[in-house]
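# A structural walkthrough
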Amino acid sequence: MNDPTKSTLVQFTKIDSIGVITINNPPVNALSPGVPEGISASIDQVEHDADVIAAVVIGGGRTFVAGADIKEFVKMTQSKDGPGPGLLPLLMKIESCSKPVVMAIHGTALGGGLELAMSGHYRVAAPTAQVGQPEVNLGLIPGAAGTQRLPRLAGVVKAVEMCTGGKPIKAQDALSAGIVDRLIDGDFLNGAVAFAKEIAGKPAPKTRERNQKLGTPQDNSTIFASARETVRKKQRNLIAPLAAIDAIEAATRLPFEEGCQAEARLFLDCLYSDQSKALIHVFFSEREVAKIPDVPKETPVIPVSSAAVVGAGTMGGGIAMVFANAGIPVLLKEADQVALDRGLANIQKNYATSVKRGRFTQQFVDERLKLIQPTLTYDDFSKADMVIEAVFEGMALKKEVFAELDRVCKPGAILASNTSTLNIDEIAAVTSRASSVIGTHFFSPANVMRLLEIVRGKATGKEVIATCMQLSKKLGKVGVLVGNCRSFVGNRMFHPYVREATFLVEEGASVDAVDKALYDFGMAMGPLATLDLAGLDVGWRIRKEYRHLEKPGIRQPFAGDRLCEMGRFGQKTGSGWYKYDEARVAVPDPEVAEWTKKWSAEAGIAQRSIQSSEIVDRCIYALINEGARILEEGYALRASDIDIVYVNGYGFPAYRGGPMWYADTVGLKKVSERIGEFHRAHGELWEPAPLLEELAAAGKTFADFDKQKLGER
Ligand code: 3H9
């Protein structure tokens, strides 16, 4: 492997007098073991071959280098070996090469990939390329001098932005920032080789010696202070972005080598943190979720080049925007003109907000709006490859719509329902083509939330599943395949979560204290504020519909229903658990505190003072216990799928990995014991999930369960 001529990962060839070093480690040319060694040996060749006047380093296949191999981090943190010297010696060697090294970037240069690129003397890029330091998304900071070289090329502000935000930038921005020296149109390799010939023989600039952009201590202290403040607000509780700022600050204060040492210390702190392990789990789980054992990769998919949505309410309008944003023309049907106009006006308002926030340009929005075709009839539905029903949540109405879709849609069209609770099989049964029927449960606001629960009915065809899974990526969503149980995965778990939040208020905790405890835990919002946002009437209606299924004698939360009876439906009516001002800012309502006390006294519920740790355990363990049942019953394929549902659809902090990963980090024995305590104190609703007890007794984790079920990844 160390001999470049024998390495399958890195090849050294020559074009005229230019040495070409090609990295071939598909799919993304990660710097897996063997790649750095291969590059190093090729650099030796460049040094020793008198005919070679300069070198080009390029990625084979679709990209440059997407970073260090993340799987190696997993191994590193699970063994006691600890990391070796990393990439630094190689990068120093490249930078010290006596002949100029040109890094040729197409696709993406991310993380260690950009760090590798910055060790070259020049960088050229394809106009479509992107570069970035996304380590922060994995709970890390750049660990191969990225925090030291990037500010030297791009300045402190840009380096802070890239290392804390983690978002890649486009080639043109990289050129303007000074990260890239030239963009190359046309044949990329030939262009890079021509560039190398052009600069050969000229002095080769070493990034580590370029100190002009490192700024003054005075300017920098303002930049770092404001960056830290932004991070504390926008990346709440995360350690890596702050560590990245510390490392960049070290670059501005210390000589290069000492800066690298400071970076290395901070990198290791991050690498061994629970946050990084959790975020790496989320990274791999988000990819694993696409793998469905009985729907292999090769399953044919149905081309979806046109769509139709039934219902132009909040969900239907949002779903139409999702298709339009992906460039897919979409019909949007409503029953009457007033509702249709209202739906379109909402869409326009949402787009206008996106333009105002700089998310989209006006031109993009104008083009997308043209793709949304409003209609009052099913006339053109026969052309649609896929229809999504998003009408009011009631079985009778859904059945009516599907019977109509069955009549008007072409054979093979996918008939999807956006139901969040109803039985897909019952809906499918009114059609003559149950295999074409599937659930696509978008989350509100549909044009923003990443999660898409794809609900598999008992007759849903594999091609339909494969198409929806693939389409979710095109739509910018994370599709998670779930089974057809009541409320599916996300909402089924959400019910016990908010049930406990309400119980806690009924037992004496303040609304504010419940929400604060979970917000501090890392949830995007507290559960009661979330209910106010979604509308308290939604849960109220569902509870009324399913009341007949409740076991008599089992405690049920009542405070939320009482608020609904008073017309307090949450934000939309100006009050719910909280009061809302004009700007919809939540203000604690002393009346709610008084009422709940009174209602609890009437119900004979003793009031007590409740610690925030109990609030967190009650709510989060309720999620975990229900998650374990779902897993055991097979409605989710993997524990990690449940994590992806919660991180992407319910504001669960990614740095805690999702509820099931979090349970693993606490230890299932501890979780199960605590659930046992709640069971004894609060009764049947806390019956421990058998799978949880079984794993806890065997000293295992949900991750073990996934591995055992599906084999090692
Ligand atoms: C780093 O570099 C630290 C350094 O600063 C310091 C070192 C000392 N490693 O996403 P896709 C796999 S940290 C291992 O579906 P796409 C991925 O799991 C790293 N594997 O494709 C998947 O495998 P599978 C900083 C990786 O086209 C397959 O490749 N870099 C890595 O939608 C295809 O991936 C990053 O954080 C990796 N680095 O997107 C970049 N990257 O097929 C992370 C991907 O078995 N990667 N895989 O499921 C990405 O953002 C996207 O994968 C990328 C391609 C944009 C590259």
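It should be emphasised that the depicted structure is a prediction, and the values quoted were computed from it without experimental measurement.

The helix and strand tally for the chain stands at 30 helices and 19 strands. On C-alpha atoms alone, the chain measures out to a radius of gyration of 28 Å, which is about the 27 Å that the 2.2 N^0.38 rule sets for 713 residues. Viewed in the frame of its principal axes, the chain has a C-alpha envelope of about 90 × 60 × 50 Å. In the chain, which comprises 713 residues, the share counted as buried stands at 55%. The contacts of the chain with a sequence gap of at least 6 include a subset with a gap of at least 24, amounting to 73%. Charged side chains in the chain number 83 positive and 85 negative. The centres of these two groups are separated by 1 Å.

To continue, consider the side chain of Q148. Its location among the elements puts Q148 in helix α5 (residues 146-154). At 3.0 Å, the side chain of Q148 forms a polar contact with the backbone oxygen of A247. Non-local contacts of Q148, meaning those with residues more than four positions away in its chain, are made with A247, A250, A251, F256, G259, C260 and E263.

Moving on, we come to the sheet that holds strand β6 (residues 122-125). Paired through their backbone hydrogen bonds, the strands of a sheet run either parallel or antiparallel. In space, the six strands of this open sheet follow the order β1-β2-β3-β4-β6-β9, with mixed pairing throughout. Edge strands, defined here as strands with exactly one partner in the open sheet, are β1 (10-15) and β9 (182-183). Inspection of the sheet shows strand β4 (residues 101-105) paired to β6 by four bridges, in the parallel sense. Pairing of V102 across the sheet is with Y122, part of β6. Of the strands in this sheet, β1, β2 (18-23), β3 (54-59) and β4 touch helix α1 (residues 35-48), which is tilted by about 25 degrees from β1. Seen against the sheet, helix α4 (residues 112-119) touches β2, β4 and β6 and runs at an angle of roughly 145 degrees to β4.

One pair of aromatic rings is described through two measures. These are the centre distance and the angle between the planes. The full count for this structure, using the stated rule, is 16 aromatic pairs. A centroid spacing of 6.3 Å and a plane angle of 20 degrees characterise the contact between W595 and W599, whose relative ring orientation is stacked. In this pair, W595 and W599 are both assigned in helix α24 (residues 590-603), four residues apart and thus about one turn of the helix distant. An aromatic cluster is built from F443, F494, Y497, Y646 and Y650, whose rings are joined through pairwise contacts. Positioned over the ring face of F503 is R555, at 3.8 Å from the centre of the ring.

A few words on the nonpolar core. Formed by 96 residues in total, the largest nonpolar core has its most connected members in L405, W577, I620 and F702. With eleven residues, helix α25 (residues 612-633) is the single largest residue contributor to this core. When near neighbours in sequence (up to four residues on either side) are disregarded, I620 contacts Y497, L518, F521, M523, F652 and Y662. By size, the runner-up hydrophobic cluster in this structure holds 68 residues, among which are L31, F64, F73 and V180.

Near the ligand lie 25 residues; those nearest to it are R62, G112, E115, E135 and R287. One nitrogen or oxygen atom from the main chain of A66 is found 2.8 Å from a nitrogen atom belonging to the ligand. Taking 1000 Å² as the accessible area of the ligand by itself, protein coverage stands at 77%. Listed by contribution, the elements that provide at least two residues to the shell around the ligand are α2 (70-78), α4 and α12 (274-288). By residue number, the principal contributor to the shell around the ligand is α12, which donates three residues. Residue classes in the shell around the ligand are distributed as 14 nonpolar, four polar and seven charged.

When the terminal C-alpha atoms of α1 are compared, their 20 Å separation across 14 residues agrees well with the 20 Å that a helix rising 1.5 Å per residue should span. For α1, the full list of buried residues reads V35, P36, G38, I39, S40, A41, S42, I43 and V46. Contacts made by the buried residues of α1 are with β1, β2, β3, α3 (88-95), β4 and α4.

Time to look at helix α27 (residues 659-666). Burial of α27 is extensive: six of the eight residues sit out of reach of the surface. Within the sequence span of α27, burial applies to P659, M660, W661, Y662, A663 and D664. Looking at the residues trailing α27, positive phi occurs at G667, about 105 degrees.

Moving on to the sheet that holds strand β13 (residues 386-389). Across the sheet, eight strands lie side by side as β12-β11-β10-β13-β14-β15-β16-β17; this open sheet has mixed pairing. Both outer strands of the open sheet, β12 (372-375) and β17 (478-483), are each paired with one neighbouring strand and no more. Ignoring which end each strand starts from, the neighbouring axes of this sheet average 25 degrees apart. Relative to β12, strand β11 (residues 330-333) runs parallel, the two being bridged by four bridges.

Summarising the element assignment, F402 is placed in helix α16 (residues 395-408). F402 sits in the buried class, given a relative accessible area of 0%. Note: C-alpha distance between F402 and R149 (253 residues apart in sequence) is 59 Å.

Looking now at the pairing of strand β10 (residues 307-310). Here β10 shows two buried faces, one formed by A307 and V309 and the other by A308 and V310. Summarising the sheet, β10 and β13 pair through four bridges and their orientation is parallel. Pairing of A307 across the sheet is with M386, part of β13. Sheet analysis places β10 next to β11, joined by four bridges and oriented parallel. Note that in β11 the partner of V309 across the bridge is L332. Remark: the β10/helix α13 (residues 314-325)/β11 crossover connection has right-handed handedness.

Per-residue confidence for the chain gives a mean pLDDT of 95; residues scoring 70 or more make up 97%. This stretch, residues 1-5, has a pLDDT under 50; its non-local contacts, to residues over four places away or in other chains, come to ten contacts.

We now examine the pattern of salt bridges. With the rule as written, the count across this model stands at 40 salt bridges. A salt bridge links E626 to R492; the shortest N-O distance between them is 2.8 Å. In this pair, E626 sits in helix α25 while R492 sits in helix α19 (residues 490-506), placing the two residues 134 residues apart along the sequence. Residue E626 shares its accessibility class with R492, and that shared class is buried. A network of salt bridges, in which partner residues are shared, links R499, E500, E506, E507, R555, R608, E614 and R618.

So, how was this worked out
Residue positions within a chain follow its written sequence, with the count starting from 1. In keeping with the model being predicted, local features are shown solely for residues with a pLDDT of at least 70 and side-chain atom pairs are shown and tallied solely at 80 or more, while totals for entire chains, interfaces and linings include all residues. Only hydrogens and water are removed before side-chain values are computed, so all heavy atoms of the structure are retained for them. Put simply, DSSP marks the helices as runs of H or I at least four residues long and the strands as runs of E at least two long, and each gets a number from the N terminus on. Here the globule rule is a power law, 2.2 Å times the number of residues to the power 0.38, and the radius of gyration is based on C-alpha atoms. Summary of the burial criterion: residues with accessible area below 20% of their type's maximum are buried, those above 50% are exposed, and those between are partly exposed, where the area comes from a 1.4 Å probe applied to protein chains only. Here a residue-residue contact requires only that any non-hydrogen atoms of the pair lie within 4.5 Å. His residues and chain termini do not enter the charge count, which takes Lys and Arg as positive and Asp and Glu as negative. To locate a charge, the coordinates of NZ of Lys, CZ of Arg, CG of Asp or CD of Glu are taken. Polar contacts, as used here, are pairs of N or O atoms within 3.5 Å; protein pairs need one atom able to donate a hydrogen and one able to accept it. Residues neighboring in sequence count only if both atoms are side-chain atoms. Two strands are said to pair when DSSP picks up at least two bridges between them. Fitted lines through C-alpha atoms give the axes, limited to the stretch in contact for helices. The angle between two N-to-C directions lies from 0 to 180 degrees. Planes of paired rings set the category: under 30 degrees apart is stacked, over 60 is edge-to-face and the rest tilted, where pairs are Phe, Tyr or Trp rings (Trp by its six-membered ring) whose centres lie within 6.5 Å. Note on criteria: charge over ring means Lys NZ or Arg CZ within 6 Å of the ring centre, with the direction from the centre no more than 35 degrees off the ring normal. Only buried residues count toward a nonpolar core. Its members are Ala, Val, Leu, Ile, Met, Phe, Trp, Tyr and Cys residues joined through side-chain atoms within 4.5 Å. Only heavy atoms are used to decide nearness, and a residue is near a molecule or strand if one of them lies within 4 Å of it. All accessible areas in this document rest on Shrake-Rupley with a 1.4 Å probe, and a residue is counted as covered only by the protein chains that are shown. Three classes are used: nonpolar for Ala, Val, Leu, Ile, Met, Phe, Trp, Tyr, Cys and Pro, charged for Asp, Glu, Lys and Arg, and polar for all others, with Gly counted as polar. Residue count minus one, scaled by 1.5 Å, sets the expected span of a helix. Throughout, right-handed denotes a crossover for which the path from the first strand over the helix to the second runs clockwise when the strands point away from the viewer. The quantity called pLDDT is the predictor's confidence in a given residue, expressed from 0 to 100. Within this document, salt bridges are pairs made up of a side-chain nitrogen of Lys or Arg and a carboxyl oxygen of Asp or Glu, the two lying within 4 Å of each other.

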